Amino acid sequence: MSVTATVPRRRHRLGLAAGVTLLALAATGCSGLGRTAVGPVTYTTEREAVIQVNSPSVRGCHRIAPAGAHEVENGTLVDVILYRTRDCTGAGTTYVPTRFSDVTAPGSGPWRSYSFVH
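Residues numbered from 1 in each chain as written. Predicted model: local features only at pLDDT ≥ 70, side-chain atom pairs only at ≥ 80, totals over all residues. Heavy atoms only, no water.

Participant: Mind laying out the sheet that holds strand β7 (residues 100–103), listing which residues take part and the relevant values?
Facilitator: In space, the 4 strands of this open sheet follow the order β2-β1-β4-β7, with antiparallel pairing throughout. Looking along the sheet, the strands with just one partner apiece sit at the ends: β2 (50–54) and β7. Taken pair by pair, the neighbouring strands of this sheet meet at an average axis angle of 15°, ignoring direction. (Pairing = 2+ DSSP bridges. Helix = DSSP H or I, 4+ residues; strand = E, 2+ residues; numbered from the N terminus. Axes fitted to C-alpha atoms, helices over the stretch in contact; angles between N-to-C directions.)

Here it is, written out as structure tokens:
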């Protein structure tokens, strides 16, 4: 084996090791731990108070004010699911894509929580 054949293999192995390391770091950075939905979620309560939550976590269930909300604007970069319950469960959900808003239908109950699609 010549010296010239050893150098390209060593470079290849170093390049492969560097690529694997970068891939692992990227996967860790995108794991969702501590990740936020960049931008505001703004909602209007049944009592006409306007509440804005800036860059909430994409993880978990987010409760809306006790009076509930009848209008929600998703100004984040992540889609939202609205729920009529306080614990992000049950039927009657509404899907609100990023940069859209939604208003409850007359006679329907208010939204009481939301979660992010991630």
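Participant: Quick one: what's the story with a negative patch on the surface, residue by residue and with numbers?
Facilitator: A surface patch of like charges, here negative, comprises E46, E48, E71 and E73. Residue position: E48 is located in the loop between β1 (40–45) and β2. Looking at E48, the relative accessible area reads 54%, which means it is exposed. (Patch = residues over 30% accessible without salt bridge, like charges linked within 9 Å, V, L, I, M, F, W, Y side chains within 5 Å. Areas by Shrake-Rupley, 256 points an atom, 1.4 Å probe, with all protein chains shown as cover. Salt bridge = Lys/Arg side-chain N within 4 Å of Asp/Glu carboxyl O. Lys, Arg positive; Asp, Glu negative; His and termini not counted. Charge placed at Lys NZ, Arg CZ, Asp CG, Glu CD. Buried < 20%, exposed > 50% of the residue type's maximum accessible area, 1.4 Å probe, protein only.)

Keep in mind that these numbers describe shape and distance, not what the molecule does.
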